[in-house]
Amino acid sequence: CQADGTGACVGKAVRDEIHEADTGEDGIANDIHKMCPLAGSGLRNYFQGVMKWFGRRIGFHKMLSLWPQDIASEGWSDDYTTVNYLVFARIMLGLYWTRDKSWVNIPTAMATDKEEDLIRVENVRAPHEDIDGSPNFFWMESLVPSFFLKYAYMPAVTCLYSTLRRMSTHNNELNGTFEDALDDPFINTWEVVMNNTKYKKKVDWVMAFYDNAHSMDGQPLWPKQMTQFSLYFKKDEWEDRLEYAIAFHLIGAHRVEAGSWEFGNLPGIESVTLPFRVALNLFSTFEVRLHMGRYGTDLYFNEDGLPVLIKTPDGEIVLRGDKSWQYWKFVWRSTFITVITLVDHLHFAHFRTANLLSRAVREALDPDFPLRRLASIFTFGSIFVNLQAMHTLAGPNHLLHRATPFKEFTKLSSVVPSGDSGIIADITDLPAIKALMVDEEWEKLHPKLKEAPFFADGRLLVGALRKLMDSIFAVSWEGTMCSANGTYSPNMKRMRTVIFNESREAHYALTPEAYEWLSAKVETCSTGNGKRVMADRLVAYFFIVTGWHRHVGFVGDYYADPELATMSWKDGEKFGRPRQHIITTIINVFTSTHQPLLKEDYTHLFDGMKPDLGKEYKSAWKMFLKDLDEIEAEINRRNMKREILNINMNPLILESSISK
């Protein structure tokens, strides 16, 4: 029973009623009540009080250099924002130490697929723990008794998320309503927060929160700058070359469409035909909260890659030079970077790829099976980071929900992944990935896009991964993956089944070819195209968790300045508000930690495999490392000649898995 404030004891029936009101159809809330022993107890209010008290000691935090010296929290922040910044962005990441190959464990057991071992948001499900080592994130875990990590870690983490999620809601409950604070001229405005401070620019105020923020091994929490976007800001407006850089040289190249779009009856020019576009008006159908600006805009480019025309969510045509040109470019940039973050990064890379692959190899493959050992490199840390993402990025009332404008936030985890929505294709069917993997598709690519670093450098990485898989399959297919009798080995049968079931469970799109192969309609492996389908999917999986993840996940340069891009804005304003933008920065630094590099020597994983293919796998990996060295040198040569530097596919910084 629990105290109801009157000194009486609330019985089980009333507790069940409170639980239902607090959770409803919310899978995360149900998981919190299952995993956190305090969730249904009056003690939860006590811990919220402690957190609030801790967050409000700003003077103390300034003494410890955990808060900018000349910035107050009053007038813009709430308890949720302040505490999340202190707990996640400063304390937890301040204790983090860069991980390397030594953190990648040799598998010793198989995972289960029991429903009670999973956390759910709509159609997306993720494991609570990683059978290959969980949590395996902080260096000081080695000092903690294994008993605590096994039995107390998950309840403790869940209770922390429970406490944070309830903060700054109208009723202090999991499904309470939080306040965006957009309609009060004295709260959450730039005039209020920058008054009587040394900061003249919004970007300087934002970056003050990270100027002295480092991990325990001295790495800056804010990722090192790759592109100096401030060079494009002149005479109080953004040059059109900014959108050109974003779309054709940097994070947006994979979403540029080449074609022919004609517009007639335009003022001054009558008609124009444009060869490129990035279309985002699909996302204007997502309903937003009160006062928030709506996502969308289709931006059209000329043959030089410069933006010349915008089609707004309401169908209005805005031309370069129009009075509202700068506003709609801001809407496009903010929509673009956040759609890439939400769709291409979170749902496609983290959930559609890393989560599914990690679950499949752990549930289906024996710990000493050769492919399980190889996949350990590319799935390291994914289960742990996706558990955090389920709470903070996919679940309601947490970081991504509060930073973005979406009203029905949880439903995004149903709409976005679903193959029916057309938002996310199968991993080998996404046009940008098909162009990297299929020669015929590469030849169809527009010459200007072939020059984009994503495509030009990404093709090098895909080529190296394909060569690696060719070497692996040359020694693994016959007798290991494909049995002597011409049927799939038990390990491969299980893996096909798990991938198929989990893809259907999440309503993911599958190509007809993949559907036929994964659904086990094809029993023989000695004939047909099963070998090619399997190899292609593994190449796609491994590229997505390495090069693609870096390409769509490096957003620090964009979100540093709330006038360049942000996750939400008040309708009509071309900047993000302080509260929402600081929450955006917390998301950025938590996804910017340093992880094991792809080019490290992981050959220790290939000892003790059954069958013993250690010699062959080690040789294949060492050859892969040589290929990565050549790719690194080639990208360095290319960057010497490029007008806009891009290192996102460079093995110098490329990580081996989605572990952040």
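Residues numbered from 1 in each chain as written. Predicted model: local features only at pLDDT ≥ 70, side-chain atom pairs only at ≥ 80, totals over all residues. Heavy atoms only, no water.

1. Quick notes on the pattern of salt bridges
One pass over the full model with this rule turns up 46 salt bridges. Arg-579 is paired through a salt bridge with Asp-78; the nearest N and O atoms lie 3.6 Å apart. Remark: Asp-78 occurs in the loop between helix H4 (58-63) and helix H5 (79-94) and Arg-579 occurs in helix H24 (residues 578-590); sequence separation between them is 501 residues. Just as Arg-579 is buried, Asp-78 falls in that class too. Note that Asp-344 and Arg-255 form a salt bridge whose closest N and O atoms lie 2.8 Å from each other. Here Asp-344, found in helix H11 (residues 325-364), pairs with Arg-255, found in the loop between helix H10 (241-248) and strand E7 (257-266); they are 89 residues apart in sequence, far enough to count as distant. (Salt bridge = Lys/Arg side-chain N within 4 Å of Asp/Glu carboxyl O. Helix = DSSP H or I, 4+ residues; strand = E, 2+ residues; numbered from the N terminus. Buried < 20%, exposed > 50% of the residue type's maximum accessible area, 1.4 Å probe, protein only.)

2. Concerning the state of the cysteines
The full count for this structure, using the stated rule, is two disulfides. Here Cys-36 engages in a disulfide with Cys-159; their sulfurs sit 2.0 Å apart. Judged by the torsion about the S-S bond (105 degrees), the Cys-36/Cys-159 disulfide is right-handed. With a gap of 123 residues between them, Cys-36 in the loop between helix H2 (27-35) and helix H3 (43-55) and Cys-159 in helix H7 (residues 153-166) connect regions that are remote in the sequence. (Disulfide = S-S within 2.5 Å.)

3. Observations regarding unusual backbone geometry
In the segment running from Ser-134 into Pro-135, the intervening peptide bond is cis, with an omega of 5 degrees. Mapped onto the fold, Pro-135 is located in the loop between strand E4 (124-127) and helix H6 (146-151). The linkage connecting Lys-610 with the following residue, Pro-611, adopts the cis geometry, with an omega of 0 degrees. On the secondary structure map, Pro-611 appears in the loop between H24 and helix H25 (614-641). Despite not being glycine, Asp-236 has its phi angle at roughly 65 degrees, a positive value. By the secondary structure assignment, Asp-236 is in the loop between strand E5 (233-234) and strand E6 (237-238). In this structure, His-507 takes a positive phi of about 65 degrees despite not being glycine.

4. Quick notes on the confidence of the model for the chain
The pLDDT averaged across the chain works out to 94; a share of 96% of its residues lies at or above 70. Throughout residues 1-21 the model reports pLDDT below 50, and contacts reaching past four residues in sequence, or to other chains, amount to 18 contacts. (pLDDT = per-residue confidence, 0-100. Contact = heavy atoms within 4.5 Å.)

5. Some points on the environment of Val-83
By the secondary structure assignment, Val-83 is in helix H5. With a relative accessible area of 0%, Val-83 lands in the buried category. C-alpha separation for the pair Val-83 and Leu-164, spaced 81 residues apart in sequence, amounts to 7.9 Å. Filtering out sequence-adjacent residues up to four positions away, Val-83 remains in contact with Met-51, Gly-55, Phe-88, Leu-164 and Met-167.

6. Comments concerning the pairing of strand E3 (residues 118-121)
As paired strands, E3 and E4 are joined by four bridges and run antiparallel to one another. Bridging from a neighbouring strand, Leu-118 pairs with Pro-127 of E4. What sits between E3 and E4 in their antiparallel hairpin is a turn of two residues, with Glu-122 showing a positive phi close to 55 degrees. (Pairing = 2+ DSSP bridges.)

7. As for the packing of aromatic side chains
In this description, an aromatic ring pair is defined by two values, namely the gap between the centres and the angle between the planes. As enumerated under the stated definition, the model contains 46 aromatic pairs in all. Measuring from centroid to centroid gives 4.9 Å for Tyr-96 and Phe-137, while their planes differ by 35 degrees, and the two rings are tilted. Of this pair, Tyr-96 sits in the loop between H5 and E3 while Phe-137 sits in the loop between E4 and H6; the two residues are 41 residues apart in sequence, bridging distant segments of the chain. For the residue pair Tyr-96 and Phe-137, the accessibility class agrees, reading buried in each case. Pairing Trp-332 with Phe-336 gives two aromatic rings, centres 4.8 Å apart and planes at 40 degrees, and the pair type is tilted. Of this pair, Trp-332 and Phe-336 both sit in helix H11, four residues apart, which is roughly one turn of the helix. When its relative accessible area of 0% is taken as the criterion, Trp-332 is described as buried. Ring pairing ties together the aromatic residues Trp-67, Trp-76, Tyr-85, Trp-190, Trp-205, Phe-209, Tyr-210 and Trp-222, which thus form one cluster. (Phe/Tyr/Trp six-rings, centres within 6.5 Å; stacked < 30°, edge-to-face > 60°.)

8. What to know about the sheet that holds E7
The five strands lie next to each other as E7-E8-E9-E10-E11, forming an open sheet whose pairing is antiparallel. The open sheet has two free edges, formed respectively by E7 and strand E11 (317-319), since each of these has just one partner strand. Pairwise comparison of adjacent strand axes, ignoring direction, gives a mean angle of 35 degrees for this sheet. Both strand E8 (residues 270-279) and strand E9 (residues 298-301) contribute to a ladder of four bridges, which runs antiparallel. Paired with Ala-279 across the bridge in E9 is Asp-298. Where H10 meets the sheet, it contacts E8, E9 and strand E10 (307-311), and its direction lies at approximately 95 degrees from that of E9. Across the sheet, H11 touches E8, E9, E10 and E11, and the angle it forms with E10 is around 80 degrees. (Axes fitted to C-alpha atoms, helices over the stretch in contact; angles between N-to-C directions.)

9. Section: the packing of helix H12 (residues 370-379) against helix H19 (residues 453-481)
Their axes nearest at 10 Å, the elements H12 and H19 cross at an angle of 155 degrees. As summarised for this structure, H12 and H19 are arranged roughly antiparallel, according to the angle between their axes. Contact with H12, carried on its side by Pro-370, Leu-371, Leu-374 and Phe-378, involves Leu-465, Leu-468, Met-469, Ile-472, Thr-480 and Met-481 of H19 and no other residues of that element. The residue makeup of the contact of H12 with H19, split by class, is nine nonpolar, one polar and no charged. (Parallel < 35°, antiparallel > 145°, perpendicular 65-115°, else oblique. Nonpolar A, V, L, I, M, F, W, Y, C, P; charged D, E, K, R; others polar.)

10. Considering the pairing of E9
Residues Asp-298 and Tyr-300 of E9 are buried on one face, and the alternating residues Leu-299 and Phe-301, pointing to the opposite face, are buried as well. Between E9 and E10, which pair antiparallel one after the other, the connecting turn spans five residues, and Gly-305 there sits at a positive phi close to 90 degrees.

11. Examining helix H13 (residues 382-394)
A rise of 1.5 Å per residue sets the reference length of H13, with its 13 residues, at 18 Å; its end C-alpha atoms lie only 15 Å apart and thus fall more than 12% short of the reference. Of all 13 residues in H13, 13 are buried; the element is thus mostly enclosed. (Expected span 1.5 Å × (residues − 1).)

12. Describing the nonpolar core
Grouped together as the largest cluster of nonpolar side chains are 207 residues, with contacts concentrated most on Trp-205, Leu-374, Met-495, Trp-548 and Trp-621. If you tally residues by element for this core, the top one is H11, at 22 residues. Those residues within four positions of Trp-621 in sequence are excluded, and the remaining contacts are Leu-374, Ile-377, Phe-378, Leu-468, Leu-598, Glu-600, Asp-601, Tyr-602, Thr-603 and Phe-606. The next biggest cluster of nonpolar side chains, apart from the first, holds eight residues, and it includes Phe-263, Leu-266, Leu-274 and Leu-309. (Core = buried A, V, L, I, M, F, W, Y, C linked by side-chain atoms within 4.5 Å.)

13. Some words on H10
With respect to burial, H10 is a largely interior element, seven of its eight residues being buried. Those residues of H10 lying buried are Leu-242, Glu-243, Tyr-244, Ala-245, Ile-246, Ala-247 and Phe-248.

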